[in-house]
Structure formats: structure tokens, C-alpha cells
Amino acid sequence: MQQHTIKIILAEDHNIVREGIKQLLSEEKNISVVAEAVNGKEALNLIKNGVEADILLADINMPEMDGITLITELKNINSKIKVILLSMLDNEKYVFSSFNKGASGYLLKSVEASEMLFAIRHVNDGNTYICSEITEKLLNAASLVVNNSEKPSIELSIREIEVLHLIAQGCTNTEMADKLFVSKRTVEGYRQNILDKTGSKNTAALIFYAFRNGFLK
């Protein structure tokens, strides 16, 4: 019996990342990328115009329409397509929000190729999947007694969270710009916004605030 080919719509605004994933998937006999999009709105239009797929593999943070909003909009036109979100964020808030909106999978962009392929097949079979790195983190968090007496009083955007994580890794503004495919000036703007929102006077104070309030673990 011939195995069913899993049809993928790939939505990713960074060309290099999108081409890399497309190349990986093209090497698999039973997986086919049937369409590509550079943002959520374009992906939605593809589906509205009749492109058939089993899975939508989408970046969580895209211009025009992000991955989480895309899931909500997708429910209105084709509930059969399953969504796997790709992200640089391992923050539990975004993981839980994604699944609450209807995602079937959540993968960090740092996952091995073998894990991405496994996730696609696993989700296609009707299951949900969270990448192993996040699963391990959630299990570790569940084993701890967490003091919830202090709640963060601010909201950071998805991009600001990404920048915050890179700051914690010791990345320079130039390195962050390269990783996020944006200009150095844009990174500086995000960095200043985070400092302003948290009331932090310097990077050391920012990192302390982030750990204390659960933005970093």
C-alpha cells in the first residue's frame, strides 16, 4: 500500500530559513511542500484560493499576520488543516497560547531535522507535539514549587521576548540583528523599549528583572 504524501504549506518570512526547511522536506519521499508564503495573510489567501494541504508549518512571528492569529483565522475557512508553529521562543506563555488557539505542534527553530520530520508525521497522524527541549523545560518547572506572589506587570511583544533571550545569551546588537534578520537600529529600538517597559537602567538590571518575573528561566 502506497504511503500518503503529507502536503505542507510553509509560511516563513525569512527567505534563508524558508529555503532551508523547504530543502529538508523535499528530501523526504512522503512529504511535499505544495505552497509557500512570507506572512500569515498570504498563507490564508492561498488556502482561501483552494490550495489543499494537510499541515501548515508557520513561523509564530511574521509581518501582516502572526502565526497565532493565523490559527484563529484558519478555523473559519478550513478546520482540517493542522498547524505546527515554529518559534525562537521557549517561553511557556507562548506555548500554552498556541495550543489554546488550536495549534497541533510547537517547535523551536533550533530543533534537529529528524525531530521536525517526526513532528510533522506525528501531527499528521492526529496527535499533538511539543519539541523535546520545551517538554523537558516544562517538566522541570512542574517539579518545582513556584512562588507566584509576584506577577510581571508588563507585557512584552513576541519580538521583544526574542531580543530579551538573545540579550541573556550575551549577544551584541549586531549579532542579534543577524540572528533576527533585521537592522541593528531596529534591534536597538527593541532593546530600548524593553529597558523602558521594565524600568531597568542597564543590561544587568534587565536580566535580573527578567529572571525574577519569569521571562527567563
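Residues numbered from 1 in each chain as written. Predicted model: local features only at pLDDT ≥ 70, side-chain atom pairs only at ≥ 80, totals over all residues. Heavy atoms only, no water.

Thoughts on the confidence of the model for the protein
What counts, and what does not: A residue's pLDDT is the confidence the predictor assigns to it, expressed on a 0 to 100 scale. In what follows, a contact means two residues having at least one pair of non-hydrogen atoms within 4.5 Å.
When pLDDT is averaged across the protein, the result is 85; 90% of the residues are at 70 or more. For the stretch residues 144–150, pLDDT sits under 50, and the model shows two contacts to residues farther than four places along the chain or on other chains.

Notes on the environment of G199
How we decide: Think of it this way: any DSSP run of H or I at least four residues long counts as a helix, any run of E at least two long counts as a strand, and we number them from the N terminus. Exposed residues in this analysis have more than 50% of their type's maximum accessible area, buried residues have under 20%, and partly exposed residues fall in between, with area computed by a 1.4 Å probe over protein chains only.
Here G199 is to be found in the loop between α9 (184–198) and α10 (203–212). Its relative accessible area of 60% is what places G199 among the exposed residues.

Description of the nonpolar core
Quick note on the threshold: Joining through side-chain atoms within 4.5 Å is the link that ties buried Ala, Val, Leu, Ile, Met, Phe, Trp, Tyr and Cys residues into a set, and such a set is a nonpolar core.
Among the nonpolar cores identified, the biggest contains 68 residues, and L56, L57, L85, Y106, L107, M116 and I120 are the most heavily contacted of them. If one sorts the elements of this core by residue count, helix α7 (residues 158–168) sits on top with six residues. If near-sequence neighbours (up to four positions away) are discounted, L107 is found in contact with I84, L85, L86, S87, M116, A119, Y129 and C131.

Here we look at the environment of D13
Position of D13 relative to the elements: it lies in the loop between β1 (6–11) and α1 (15–26). Sequence-wise, D13 and T174 are 161 residues apart; in three dimensions their C-alpha atoms are separated by 20 Å. Not counting the four nearest positions on each side in its chain, D13 is found in contact with R18, V38, D59, N61, M62 and P63.

Brief notes about the packing of aromatic side chains
Rule in force here: Pairs were defined over the aromatic rings of Phe, Tyr and Trp, the Trp ring being its six-membered one, requiring ring centres within 6.5 Å. Orientation was assigned from the angle between planes: stacked under 30 degrees, edge-to-face over 60, tilted for the rest.
Tallied over the entire structure, the rule returns one aromatic pair. Measuring from centroid to centroid gives 5.6 Å for F118 and Y129, while their planes differ by 70 degrees, and the two rings are edge-to-face. Separated by eleven residues along the polypeptide, F118 in helix α5 (residues 113–124) and Y129 in strand β6 (residues 129–130) bring together distant segments of the chain. On the basis of relative accessibility, which here comes to 46%, the residue F118 falls in the partly exposed class.

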